[in-house]
Amino acid sequence: MKVSGAVRVPGDKSISHRALLVAALARGRSELSGLLSGEDVKSTARVLRRLGVDVSTVRDGAVVTVRGGRLSKPRGSLDCGNSGTTARLSLGLLAGQRFPARLTGDASLRRRPMRRVTEPLRAMGAHIEEERGDSLPLTIRGGRLAPLDYASPVASAQVKSALLLAGLTGRVPVTVREPYRSRDHTERLFVHLGLRLRVDGTAVSFTPTDPLASLGAGSSAVPPFHLVVPGDISSAAFLVAAAVLAEGGELLLENVGVNPTRTGVLVVLGRMGAHVERLNLSEAGGEAVADLLVRPAHLEGTLVAAAEVPTLVDEVPVLAVLASRARGEMVFREVGELRVKESNRLELIAANLRAVGGDAEASGNDLRVHGTDRPPCGRVDTAGDHRLAMAFAVLGTVPGADVRLSERASVAISYPRFFADLRRIGEGGRGKGARHRD
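Basis of the calculations
Residues numbered from 1 in each chain as written. Predicted model: local features only at pLDDT ≥ 70, side-chain atom pairs only at ≥ 80, totals over all residues. Heavy atoms only, no water. Helix = DSSP H or I, 4+ residues; strand = E, 2+ residues; numbered from the N terminus. Buried < 20%, exposed > 50% of the residue type's maximum accessible area, 1.4 Å probe, protein only. Contact = heavy atoms within 4.5 Å. Areas by Shrake-Rupley, 256 points an atom, 1.4 Å probe, with all protein chains shown as cover. Lys, Arg positive; Asp, Glu negative; His and termini not counted. Charge placed at Lys NZ, Arg CZ, Asp CG, Glu CD. pLDDT = per-residue confidence, 0-100. Pairing = 2+ DSSP bridges. Axes fitted to C-alpha atoms, helices over the stretch in contact; angles between N-to-C directions. Expected span 1.5 Å × (residues − 1). Patch = residues over 30% accessible without salt bridge, like charges linked within 9 Å, V, L, I, M, F, W, Y side chains within 5 Å. Salt bridge = Lys/Arg side-chain N within 4 Å of Asp/Glu carboxyl O. Core = buried A, V, L, I, M, F, W, Y, C linked by side-chain atoms within 4.5 Å.

Participant: How should I be thinking about the overall build of the chain in this particular structure?
Facilitator: A tally of regular secondary structure across the chain gives 12 helices and 26 strands. Taking the principal axes of the C-alpha coordinates as reference, the chain spans close to 65 × 45 × 40 Å. A total of 438 residues make up the chain; the buried ones form 61% of that total. Contacts in the chain between residues far apart in sequence, at least 24 positions, make up 76% of those at least 6 positions apart. Here the chain displays about 15800 Å² of accessible surface, and carbon together with sulfur accounts for 47% of that area. Computing the positive centroid from 59 side-chain charges and the negative centroid from 47, the chain places the two 5 Å apart.

Participant: Teacher, can you tell me more about the confidence of the model for the chain here?
Facilitator: Low pLDDT means the predicted coordinates in that region are not meant to be read closely. When pLDDT is averaged along the chain, the result is 93; 95% of the residues meet or exceed 70. Scored below 50 in pLDDT, residues 211-219 makes 24 contacts in the model with residues more than four places away or belonging to other chains. Scored below 50 in pLDDT, residues 428-432 shows 11 contacts in the model against residues more than four places distant or in partner chains.

Participant: Where do I start with the sheet that holds strand β6 (residues 78-79) in this structure?
Facilitator: Within a beta sheet, neighbouring strands are joined by backbone hydrogen bonds and run either parallel or antiparallel to one another. Spatially, β6-β7-β9-β8 is the arrangement adopted by the 4 strands of the open sheet, whose pairing is mixed. Each having just a single partner strand, β6 and β8 (127-130) make up the two edges of the open sheet. Strand direction decides the pairing type here: strand β7 (residues 100-104) and strand β9 (residues 138-141), joined by 4 bridges, are antiparallel. Residue pairing for β9: leucine 103 is matched across the bridge by leucine 138. Most of the contacts of helix α3 (residues 84-94) go to β7, to which it runs at about 175°, and overall it touches β6, β7 and β9.

Participant: Just checking my understanding: could you explain helix α5 (residues 157-170) for this structure?
Facilitator: For an α-helix, the turn length of 3.6 residues means that residues three or four places apart are oriented alike. Look at α5: 19 Å from first C-alpha to last across 14 residues, which is about the 20 Å you get at 1.5 Å a residue. Where α5 terminates, the next one or two residues include arginine 171, which has phi positive at roughly 60°.

Participant: I'm lost on the pairing of strand β12 (residues 196-200) in this one. Help?
Facilitator: The side chains of a regular strand alternate, first on one face of the sheet and then on the other. Note: β12 against strand β13 (residues 203-207), 5 bridges, orientation antiparallel. Residue pairing in the sheet places leucine 197 in a bridge with phenylalanine 206 of β13. Hairpin connection from β12 to β13: 2 residues lie between these consecutive antiparallel strands, with glycine 201 at a positive phi of about 65°.

Participant: Is there a simple way to think about the sheet that holds β13 in this case?
Facilitator: Reading across the sheet, the 4 strands line up as β10-β11-β13-β12 and stay open at both edges, with mixed pairing between neighbours. The open sheet has two free edges, formed respectively by β10 (148-151) and β12, since each of these has just one partner strand. With strand direction ignored, the average angle separating the axes of adjacent strands in the sheet is 10°. Along the sheet, helix α4 (residues 115-124) makes contact with β10 and β11 (174-177), crossing β10 at roughly 150°. This element, α5, spans β10, β11, β12 and β13 of the sheet and lies at about 15° to β13.

Participant: When you look at a positive patch on the surface in this model, what are you seeing that I'm missing?
Facilitator: On the surface, Arg27, Arg70, Arg98 and Arg144 cluster together to form a positively charged patch. Summarising the element assignment, arginine 98 is placed in the loop between α3 and β7.

Participant: Got a minute to help me understand the nonpolar core in this structure?
Facilitator: Grouped burial of nonpolar side chains is what soluble globular proteins tend to show. In this structure, Leu239, Leu253, Leu269, Phe332, Leu367, Phe392 and Phe418 are the most contacted members of the largest nonpolar core, which totals 76 residues. Judged by nonpolar contacts, the second largest core, of 68 residues, contains Ala23, Leu35, Val55 and Leu103.

Here is the structure:
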């Protein structure tokens, strides 16, 4: 197909979650523009409402208002839906609250690990009861917390953010050290709001304004705020990939967040031979924002090193799809984290690429993909994973393709209008595309 036009992708999912959670602690009325209206963010809003926070309806184009302050004991369980970010960051939020709360989620979320967050929260003094091992449902009873200096075994923005939120709501100092630097949206929001936070390499330290105020655990010194959420680069990556694979034209993606801890996908694309130009650079709410201009390119396989993975972990599926159309081999090192996402992404990426005629293998924590010029044809099992559905839909745009998706509904988690945007940017095309077939 050929591509053309300009698209504004939905608001950044990571920032949307964090903005809602921090606004819930602010004493007053916060206003959030550009918030993602996907199901995961709605799960965070729903959890906050159950905790007594007044959150207006999350919908496309709406300014979402949050009237924060003290949280209250919920009646019944907190349903986090399919959102691991909602679950893990809510645990941090609740660690400083002196009431019990039970968290649960859908079948997929109940299979995902939680001890990476609950163990350091226990070390701070939170009481957490598991019902079925390292997963939801679980009950947390927070309260008076102790300071924490934690060396995380994984580079995880969710772990880091949960602990920073625990320090904020518990009014105690927290330091988190990571093996590699993970995305830093929580840190940027804290600094934007005037909170005391210091970054030293891969270590992040939060100090409450008044450390002696820990007797007031559960309260917060967060001021109410206005925030404009930029477009999500993880969502933009799928349309970038479609433009790179196109036979001609160019595509402009407007108002995309280009936070340096999130742009690993653009760095790797550059090594593969694609050029994504950044235009109209600006800043909003402590985040870098730009328009992205993309044109078709001939791709070469490359090596994605372990240290790069935290900056592009959500983009591995679409990069793997691009690798399947590149010349030579592409290797992704230490991407075992993909086994515990919405699905076992690591195995499914490889299996689905083979199912459509590609050459891919997941071995240990590594992924290898060999490029081919054969048209991709076959059925893809998305396992209800939005990023798999979108990645293989992009693969379905190449000439002669006949890619059949097991479902499409999962894209509502992060990019509700994805298929409409993918159709809109294309002009013709000889492939049958990616279709939904039960």
